[in-house]
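Remarks on the overall topology
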Amino acid sequence: MRILFIGGTGNISTACVARALDLGHHVTVFHRGKSQTAPDPRIHEILGDRFSAADLASAANNNYDLVADFCAYKPNDVDMAASAFMSHTSQYIFISSVAAYERPGSTPFVTEDRPLRNPVWPYAQDKADCEARLATYTQAGLPTTVVRPGYTYGETWIPAAVGGHNCAVLHRIREGKPVISHGDGLGLITLTHNSDFAAAFMGLAGNAHAIGEAVHIMSNEYLTWDQVYTTLAEAAGCGIELLHIPSDYIDAIYPDWGERILGEKSYSLIFDMSKLHSLVPDFESRIPFAEGIRQSVAWHDAQSKHCAIDKALAQRMDLLAERFISDRKTAIHDLTNKI
């Protein structure tokens, strides 16, 4: 197939590009040219701005069997893609997110038919709006598949609910500082290695049965967030001290962190994978988190520049932990005096 990846240099898309190349497809990547990683010589590059209608239309001049759009975040982005590729591709795959699903909802069990209604996180709301806009173009003739990734990581990504996917939590573990685990730490998450995601994704690519469908992709391994951090500590060869802080408290102190936690990571959801398995019968996730996170820790240990301590971020996490511990002591003291 002739495949155009819009993006192609991020955590998920890089793995999809690699998988497509390994399968022998002709791969073109349309991006801004800001990646510091040297591209695979098998890749044809188009440099440009995905958010420029003119650049996108120029990229569409060559017909593609598949266009995979990893960089559409707002309905206007979908408008530009539909205008550019309506008559220039046999399949347009829009990358959405499971974060768009209704939360908390009436049940923790999730199929692709669950309403898209996230009350907290603007990113998730925008993805839902993109899907609604895309439905009109699908009806108008754009051959569309919607893919909703779960939490996906790779060697350049260390999963964390508080503080981001950089080295911050890894540094805290190695420094013996308390690692913040939101809520009681028992919320469930399924973490999917990007190579497993890519295998499922390429099973949908060029799949006529996937046209007009929305499909979520993730591993079938569920962990609590406490298990995530404990497994990370084991990969780093360290012990760990966990500090449980209520999600609402985190939101009150740092709303930019709180909206992501309350909008995605505070609910235990179980995803029905039957649609994916019906479309890609041979798919199975192959990399358990314990193995994947060892790869991530090894990569970060080899990339001293990439894994430098972010002093401002470290300070934010220190302040959150210190403030919560102080407030908890005060609350316990006040309660004790009332008894």
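Use the structure listed above.
Residues numbered from 1 in each chain as written. Predicted model: local features only at pLDDT ≥ 70, side-chain atom pairs only at ≥ 80, totals over all residues. Heavy atoms only, no water.

Contact pair helix α5 (residues 168-175) / helix α7 (residues 225-236): the axes reach a minimum separation of 10 Å and the direction vectors enclose 65 degrees. Judged by the angle between their axes, α5 and α7 are roughly perpendicular. The element α5 and its partner α7 pack so that their crossing is right-handed. Residues Val169, Leu170, Ile173 and Arg174 of α5 touch α7, and the partners they reach there are Tyr229, Leu232, Ala233 and Ala236. In terms of residue class, the contact of α5 with α7 is built from seven nonpolar, no polar and one charged. (Axes fitted to C-alpha atoms, helices over the stretch in contact; angles between N-to-C directions. Helix = DSSP H or I, 4+ residues; strand = E, 2+ residues; numbered from the N terminus. Parallel < 35°, antiparallel > 145°, perpendicular 65-115°, else oblique. Left-handed = near helix turned anticlockwise from the far one by under 90°. Contact = heavy atoms within 4.5 Å. Nonpolar A, V, L, I, M, F, W, Y, C, P; charged D, E, K, R; others polar.)

Looking at where Met218 falls in the secondary structure, it is placed in the loop between β11 (214-217) and β12 (222-224). Along the primary structure Met218 and Ser195 are separated by 23 residues, whereas in three dimensions their C-alpha atoms are 11 Å apart. If we ignore the near neighbours within four places in the chain, the residues touching Met218 are Val98, Arg148, Gly150, Thr190, Thr192, Phe271, Met273 and Phe283.

For the rest of this paragraph, the subject is the packing of α5 against helix α12 (residues 311-338). Between α5 and α12, the shortest axis-to-axis distance is 10 Å and the interhelical angle comes to 60 degrees. Here the hand of the crossing between α5 and α12 comes out right-handed. Between α5 and α12, the contacting residues are Ala168, Val169 and Arg172 on the first element and Leu313, Ala314, Met317, Asp318 and Ala321 on the second. Along the lines of polarity and charge, the residues of the contact of α5 with α12 split into six nonpolar, no polar and two charged.

Take the sheet that holds strand β2 (residues 26-31) next. Taking strand neighbours across the sheet as the criterion, the seven strands line up as β3-β2-β1-β4-β5-β7-β11 in an open arrangement whose pairing is parallel. Strands at the two margins of the open sheet, each flanked by one partner only, are β3 (44-47) and β11. If you compare each strand with its neighbour and ignore which way they point, the axes differ by 20 degrees on average. Strand direction decides the pairing type here: strand β4 (residues 66-69) and strand β5 (residues 92-95), joined by three bridges, are parallel. Its bridge partner lying in β5, Ala68 is registered against Ile93. Across the sheet, helix α4 (residues 122-139) lies against β5 and β7 (144-149), angled at about 165 degrees from β5, the strand it touches most. (Pairing = 2+ DSSP bridges.)

Arg103 connects to Pro104 through a cis peptide bond whose omega is 0 degrees. Here Pro104 lies in the loop between β5 and β6 (109-110).

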